[in-house]
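Chain by chain, the residues:
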Amino acid sequence: MADTLALVDYGAGNLRSVANALKAAGAHGVVVTADPNVIRTADRIVLPGVGAFRHCIGALAGVSGLVEAMEERVLVGAAPFLGICVGMQLLADRGVEHGVTNGLGWIAGEVRVIEPADATIKVPHMGWNDVEPMRHHGGAELIEPGEAYFLHSYHFVPEEGASIAAMSDHGGGIVAAVARDNILGVQFHPEKSQAYGLALLARFLEWKP
């Protein structure tokens with residue numbers, strides 16, 4: 001189990017629910033923080049996110065040194081990383097919500113509005129839906145088949161299929177999770193997904209990529 005898990009606080013995430021879910025899954029050293037020095041020494045990092053892509057990346061970049069510390073710890077130091085909902089979307093190269101905005105660029109792709117093939121299917125994609133694992137590489141082994149809770153109007157479209165760790169369906173395929181090396185992002189909310197979500201978080205806490 002990780003000694004320290006940094007839950008990134010940049011004013012754009014459901015921190016209390018995520019922190020409580022992590023603790024219920026077995027985490028003991030959860031630190032809610034925006035301190036780059038804490039991020040640099042954390043054993044694991046979780047980035048939540050709620051709201052619009054542009055607002056979230058702006059809030060993240062608005063904390064001096066935070067993005068740089070995350071890149072140092074995750075991309076260079078290889079600390080296990082989990083992005084949740086918009087926290088997963090921020091891994092992309094760009095998002096197009098309220099205009100084109102650059103993301104972190106950790107996993108190549110773009111975040112676009114959901115456009116169901118069936119016009120009777122409503123957006124946002126809200127509620128319980130299937131999660132179907134796609135066994136590629138790095139992090140995908142953490143995803144098990146089941147049902148999780150989703151709430152989003154935009155979705156991650158990766159450039160490479162190998163980045164897709166799981167799919168769902170909402171009038172067409174929706175990427176439910178992306179992964180690369182020590183990085184995992186999930187579109188659904190583990191903290192709202194009851195036993196399925198807690199089991200995923202427990203696997204993340206034991207993950208040694």
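You'll find the structure just up there.
Below you will find a few notes about this structure. Every value quoted in this text rests on a predicted model; they were computed, and no experiment measured them.

Each regular strand displays side chains that alternate between the two surfaces of the sheet. Within strand β12 (residues 173-180), 6 of the 8 residues are buried, which leaves the element mostly enclosed by the surrounding structure. Direction of pairing for strand β11 (residues 164-169) relative to β12: antiparallel, over a ladder of 5 bridges. Bridging from a neighbouring strand, A166 pairs with A177 of β12. Between the antiparallel neighbours β11 and β12 lie 3 residues, among them G171 with a positive phi of about 70°. Bridging between β12 and strand β13 (residues 183-186) involves 4 bridges; their strand directions are antiparallel. When the sheet's bridge partners are listed, A177 is paired in β13 with V186. Where β12 hands over to β13, the hairpin turn is made up of 2 residues, of which D181 adopts a positive phi near 55°.

As a further point, take helix α6 (residues 194-206). With 13 residues, α6 ought to run about 18 Å at 1.5 Å a step, and its terminal C-alpha atoms sit 19 Å apart, in line with that. Within the span of α6, buried status applies to Y196, G197, L200, L201, F204 and L205.

With an omega of 15°, the peptide bond running from V123 to P124 counts as cis. With respect to the element layout, P124 can be found in the loop between β7 (109-113) and β8 (125-133). A positive phi angle is found at H98, which is not glycine, with a value near 60°. With respect to the helices and strands, H98 occurs in the loop between β5 (94-95) and β6 (101-102). If you check the backbone angles, Q194 has positive phi at about 50° while not being a glycine. Mapped onto the fold, Q194 is located in helix α6. The class for Q194 is exposed, based on a relative accessible area of 57%.

Moving on, we come to the packing of aromatic side chains. This model, assessed by the stated rule, comprises 5 aromatic pairs. Seen in terms of ring centroids, F81 and W106 are 5.1 Å apart; in terms of plane orientation they differ by 70°. Their pairing is edge-to-face. On the criterion of sequence distance, the pair formed by F81 in strand β4 (residues 81-84) and W106 in the loop between β6 and β7 is long-range, its members being 25 residues apart. Here F81 matches W106 in class, with each residue buried. Measuring from centroid to centroid gives 6.2 Å for F204 and W207, while their planes differ by 50°, and the two rings are tilted. With respect to burial, F204 and W207 carry one shared label: buried. Linked through ring pairs, F150, F188 and Y196 together constitute an aromatic cluster. For the cation-ring pair, R44 lies above F204, with the distance from its terminal atom to the ring centre recorded as 5.9 Å.

What follows concerns the nonpolar core. Y10, L60, L90, I143 and L184 are the most contacted members of the largest nonpolar core, which has 68 residues in total. Look past the residues within four positions of L90 in its chain and what remains in contact with it is Y10, L47, F53, C56, I57, L60, G103, L104 and G105.

Conventions and cut-offs
- Residues numbered from 1 in each chain as written.
- Predicted model: local features only at pLDDT ≥ 70, side-chain atom pairs only at ≥ 80, totals over all residues.
- Heavy atoms only, no water.
- Buried < 20%, exposed > 50% of the residue type's maximum accessible area, 1.4 Å probe, protein only.
- Helix = DSSP H or I, 4+ residues; strand = E, 2+ residues; numbered from the N terminus.
- Pairing = 2+ DSSP bridges.
- Expected span 1.5 Å × (residues − 1).
- Phe/Tyr/Trp six-rings, centres within 6.5 Å; stacked < 30°, edge-to-face > 60°.
- Lys NZ or Arg CZ within 6 Å of the ring centre and 35° of its normal.
- Core = buried A, V, L, I, M, F, W, Y, C linked by side-chain atoms within 4.5 Å.
- Contact = heavy atoms within 4.5 Å.

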